[in-house]
Amino acid sequence: MPTFPLLLGAAVETVKQDLGHIGPTAKAFFFVFIALSLGITYWAAGRTKSTSDFYAAGHSVTGVQNGFALAGDFMSAASFLGIAGLVAKSGFDGLLYSTGFLVGWPLVLFLIAESLRSIGKYTFADVVAFRLNQTPVRIAAAVGTMAVILCYLIAQMVGAGKLIQLLFGMRYEYSIIIVGVVMMVYVLFGGMIATTWVQIIKACLLLGGAFLMAVLVLSKFGFNPLALFAEAARLNNHDAVLGMATPNPPVNVLGPGSLVANPLDAISLGLSLMIGTAGLPHILMRFYTVPDPKQARQSAFYATGLIAFFYLLTFILGFGAMVLVGKKAIVAVDPAYNMAAPMLAGVLGGEPLLGFIAAVAFATILAVVAGLTLSGASALSHDLWVNVVRHGAAPESEQLTVARYATLFFGVAAVGLGLAFEKTNVAYMVGLAFAIAASANFPALFLSIFWRRFTTAGACASMWVGTLTAVGLIVICPSVWVDILHHKAAIFPLKSPGLVSIPLSFIVAVVVSLARRETTSEEKYGEVRQRIEAGGTSD
Amino acid sequence: MALPPSAPDSVPVGRRRPALPFVLSGIMLIIYFGFIILVGYRQPLMGQQIVPGLSWGILLGALVIVAAWVLTLVYVRSFNRKGGA
């Protein structure tokens, strides 16, 4: 029975028929790895006792361990499935995501990581609210956080839904509902935290799997990546001649393409990706799991190294999928190219490798989704419910009830949005989440650490304006307004809102802060600096 | 928190410390936006192959990733040299 490998030129129809016939080996490998991952989560969750354990692993994780965990959190569905797919589709354009997702890390290390650990306790809102008026700042931060999380969730849902569809050949609608249910079960059953150990193990598996795939790809090209790239370029010219590749004249997959046809698109995307990393709530949260600022610094350093290595591998994997699997086969399975990496695994290592890679990707998605849902649920229950509805006093049990309903809300919302965004590439989707994070969270976080005159009003205005502008512009940008809502022309021309929303968020923060002084904030700024500098040298 | 040992040189170090993160962040911004602006405004050049298979775009993209990592290495090393951490 011909399943994988799918060779170049395999007829689209054959591919479609084979979809439901991925053999038992791949499925068995898939289930074994998923079971292992759930087992580890269960074990780790059993070791969680206190609140501090729950949110921050008791502040007891070492720098190296946290570096792996950060990498595990960051190398989610988007990095692996999305980027490999984008590169397989359009070559160099996809690599813009590889570079963009990485260059935010040095900024996190230089500007944010140590300060976070020096000032805050559990979340980045602790840092922003440290010298400001708690309630309005926490509300604004919670709203921004939820916008980022929902957008990020969509990408994970689509990635997981497509994986299930590929493996089991069922309809996308059913796969996404199954994913939604599994996700809720995962969050409720012990997997209450995407624990550090789970992420560490997954980071190792994902890096190992990607490295193995890259080596196997290169072995077919005399271990010379340039031979692979040259073959990709040659094939695309060939495809263009046959009328298969998208536009004419022939596409040069080794250079910039349609994604950045407008230079401002390139700049807007670049800005969002670079700044966004430093505003992702679930990534920032990880810096509280280490005992001190020095370990926070170490962990950001190791994470950068691991992620850099991984993104260099995506060059090989993406072009490898383009050449060895072929665009026609990939597009037949998923028009958004999200399945390029698992299909490449099938070509390279048969069903065992396909099952393994699919399981690692799926388990990573589950863990990321659990973490995201939880940070969203805690933003809703802790920051919004307790601070706004109950004015700071709500019994523990009531908070938990709200958190459960919030989890349910996120689960249902994720399924709904996952259905709406089926045709979207997940790396692109995560890029949008980065744009929201960069506009909503980063300006307020940065200014609260480095600017004495920053005020409560400035922080709130910045977070509200950043969130609303970024989300609003996403809705009216070509990829949503035209591709999903089926209007004729987009109101906002760029595919990423960052170029407008990030500067706007900064400007609003500065102007509003300058308009009216806040003496308490300025007085407490000395303490902020003192804590950061003490944290940098001691321990 | 071992504050006393670092207290004597906390003034000069404290004065110099804010510089390093900002200098390195500045370098990172210049490198990355240099790359992005080339991608936006010099598209034919970025697609040109230096040797078969290696375009300027791919070479510079890979170098941006390597440079980002090297900058983090410089940062972490500078702390270790000072003996502050």
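Everything numeric in this text was worked out from a predicted model, so none of it was measured.

Caption draft 1: Region of the structure containing the overall build of chain A. A count of helical and extended segments in chain A gives 23 helices and zero strands. The buried share of chain A, taken over its 539 residues, is 64%. Counting contacts in chain A only where the partners sit at least 6 residues apart, residues at least 24 apart contribute 82% of the total. Accessible surface for chain A amounts to roughly 18,200 Å². Of this, 67% is attributable to carbon and sulfur atoms.

Caption draft 2: Broad picture of the overall build of chain B. Scanning chain B from terminus to terminus reveals five helices and two strands. Across chain B, helices and strands are ordered from the amino to the carboxyl terminus as α-α-α-α-β-β-α. Of all 85 residues assigned to chain B, the portion counted as buried reaches 39%. When contacts within chain B are restricted to residue pairs at least 6 apart in sequence, long-range pairs at least 24 apart make up 49% of them.

Caption draft 3: Structural context of the packing of aromatic side chains. In this structure the tally under the stated criterion is 28 aromatic pairs over all chains. Here the aromatic rings of A:Phe301 and B:Trp69 are separated by 6.2 Å at their centres, their planes lie at 25°, and the arrangement is stacked. Here A:Phe301, found in helix α14 (residues 293–325), pairs with B:Trp69, found in helix α5 (residues 56–82), and the two come from separate chains. Since its relative accessible area comes to 10%, A:Phe301 is described here as buried. Relative accessible area serves as the criterion here: at 32%, B:Trp69 is assigned to the partly exposed category. Note on A:Phe409 and A:Phe410: the rings are 5.3 Å apart at their centroids and 70° apart in plane angle, and the pair reads as edge-to-face. Classification of A:Phe409 as partly exposed rests on a relative accessible area of 44%.

Caption draft 4: Expanded view of the interface of chain B and chain A. Contact residues are listed per partner, giving 47 residues for chain B and 50 residues for chain A. Looking at the side of chain B facing chain A, the largest losses of area belong to B:Tyr32, B:Ile58 and B:Ile65, adding up to 15% of the total buried there. Our enumeration of links across chain B and chain A arrives at zero salt bridges. Applying the counting criterion to the chain B and chain A interface returns three residue pairs in polar contact (both at pLDDT 80 or more). Elements represented by at least two residues in the side of chain B that touches chain A include exactly α1 (3–6), α2 (10–16), α3 (19–41), α4 (43–47), β1 (49–51), β2 (54–55) and α5 of chain B. With 15 residues, α5(B) is the single largest residue contributor to the side of chain B that touches chain A. The residue makeup of the side of chain B that touches chain A, split by class, is 33 nonpolar, 13 polar and one charged.

Caption draft 5: Focus on the nonpolar core. All names here are of chain A. If you look at the biggest cluster of nonpolar residues, it comprises 203 residues, and the most contacted ones within it are Phe80, Tyr97 and Phe319. The element best represented in this core is helix α16 (residues 340–389), accounting for 27 residues. With near-sequence residues (within four places) excluded, Tyr97 lies in contact with Ile83, Leu86, Leu259, Leu269, Leu273, Ala427, Tyr428 and Gly431.

Caption draft 6: Seen up close, the packing of helix α8 (residues 134–168) of chain A against helix α17 (residues 396–420) of chain A. Residue and element names in this part refer to chain A. Direction vectors running N to C along α8 and α17 enclose 55°, while the axes themselves pass 9 Å from each other. Taken together, the axes of α8 and α17 are oblique relative to one another. Of the two elements, α8 crosses α17, and the hand of that crossing is right-handed. Together, Met146, Ile149, Leu150, Leu153, Ile154, Met157 and Val158 of α8 and Phe410, Ala413, Ala414, Val415, Leu417 and Gly418 of α17 make up the contact between the two elements. Of the residues that constitute the contact of α8 with α17, the class distribution is 12 nonpolar, one polar and no charged.

Caption draft 7: A look at the pattern of salt bridges. Residues and elements named next belong to chain A. Applying the stated criterion to the full structure yields 12 salt bridges over all chains. Across the pair Arg297 and Glu114 runs a salt bridge, and its minimum N-O distance is 3.3 Å. With Arg297 in helix α14 and Glu114 in helix α6 (residues 92–119), this residue pair connects regions lying 183 residues apart in the sequence. Taken as a pair, Arg297 and Glu114 share a single burial class, namely buried.

Caption draft 8: Highlighting unusual backbone geometry. Residue and element names in this part refer to chain A. The phi angle at Phe223 is positive, at roughly 55°, despite the residue not being glycine. Phi is positive for His486, which is not a glycine, with a value near 60°. Mapped onto the elements of the fold, His486 is located in the loop between α21 (478–482) and α22 (498–515). His486 gets classed as exposed once you look at its relative accessible area, which sits at 66%.

Caption draft 9: Representation of helix α12 (residues 263–276) of chain A. All names here are of chain A. Taking 1.5 Å per residue as the helical rise, α12 with its 14 residues ought to reach 20 Å, and the 20 Å between its terminal C-alpha atoms agrees with that figure. With 13 of 14 residues buried, α12 lies mostly within the body of the structure. Where α12 begins, the capping side chain belongs to Asn262, and its oxygen is found 2.9 Å from the backbone nitrogen of Leu264.

Caption draft 10: Up close: the environment of A:Ala88. Residue and element names in this part refer to chain A. Residue placement: Ala88 occurs in helix α5 (residues 77–90). Judged by relative accessible area, which is 0%, Ala88 ranks as buried. Residues Ala88 and Val482, 394 residues apart in the sequence, show an inter-C-alpha distance of 24 Å. Beyond its immediate stretch of four places on either side in the chain, Ala88 contacts Gly318, Ala321, Met322, Lys327, Ile330, Tyr337 and Ala340.

Caption draft 11: A look at α17(A). Look at α17(A): 36 Å from first C-alpha to last across 25 residues, which is about the 36 Å you get at 1.5 Å a residue. Buried within α17(A) are the following residues: A:Gln399, A:Val402, A:Ala403, A:Ala406, A:Thr407, A:Phe410, A:Gly411, A:Ala413, A:Ala414, A:Val415 and A:Gly418.

Caption draft 12: Local environment of the confidence of the model for chain B. Residues and elements named next belong to chain B. Looking at chain B as a whole, the pLDDT averages 79, with 74% of positions reaching at least 70. Ranking the elements of chain B by mean pLDDT puts α1 last, at 42, and α3 first, at 92. In this model residues 1–16 is a low-confidence stretch, pLDDT under 50, and it forms 11 contacts with partners more than four residues away in sequence or in other chains. Reported confidence for the predicted complex is 0.83 by ipTM and 0.84 by pTM.

Caption draft 13: Molecular detail of the packing of α8(A) against helix α18 (residues 426–440) of chain A. Residues and elements named next belong to chain A. Across the interface, α8 lies against α18 with an axial gap of 8 Å and an inter-helix angle of 170°. Taken together, the axes of α8 and α18 lie roughly antiparallel to each other. Counting all contacts with α8, which are made through Gly144, Ala147, Val148, Cys151, Tyr152, Ile154, Ala155, Gln156, Val158 and Gly159, the residues of α18 involved are Val426, Met429, Val430, Leu432, Ala433, Phe434, Ile436, Ala437 and Ala440. Partitioned by chemical class, the residues of the contact of α8 with α18 number 16 nonpolar, three polar and no charged.

Caption draft 14: How the structure looks around the environment of A:Ile532. All names here are of chain A. As for its position among the elements, Ile532 is in helix α23 (residues 519–537). Taking relative accessible area as the criterion, Ile532 reaches 11% and is therefore assigned buried. Linking Ile532 and Leu116, residues 416 residues apart in sequence, is a C-alpha distance of 8.7 Å. If near-sequence neighbours (up to four positions away) are discounted, Ile532 is found in contact with Ser115, Ser118, Ile119 and Ile449.

Calculation notes
- Residues numbered from 1 in each chain as written.
- Chains lettered and ligands numbered in written order.
- Predicted model: local features only at pLDDT ≥ 70, side-chain atom pairs only at ≥ 80, totals over all residues.
- Heavy atoms only, no water.
- Helix = DSSP H or I, 4+ residues; strand = E, 2+ residues; numbered from the N terminus.
- Buried < 20%, exposed > 50% of the residue type's maximum accessible area, 1.4 Å probe, protein only.
- Contact = heavy atoms within 4.5 Å.
- Areas by Shrake-Rupley, 256 points an atom, 1.4 Å probe, with all protein chains shown as cover.
- Phe/Tyr/Trp six-rings, centres within 6.5 Å; stacked < 30°, edge-to-face > 60°.
- Buried area = accessible area lost by both parts, 1.4 Å probe.
- Salt bridge = Lys/Arg side-chain N within 4 Å of Asp/Glu carboxyl O.
- Polar contact = N/O pair within 3.5 Å; in protein donor to acceptor, adjacent residues only side chain to side chain.
- Nonpolar A, V, L, I, M, F, W, Y, C, P; charged D, E, K, R; others polar.
- Core = buried A, V, L, I, M, F, W, Y, C linked by side-chain atoms within 4.5 Å.
- Axes fitted to C-alpha atoms, helices over the stretch in contact; angles between N-to-C directions.
- Parallel < 35°, antiparallel > 145°, perpendicular 65-115°, else oblique.
- Left-handed = near helix turned anticlockwise from the far one by under 90°.
- Expected span 1.5 Å × (residues − 1).
- pLDDT = per-residue confidence, 0-100.

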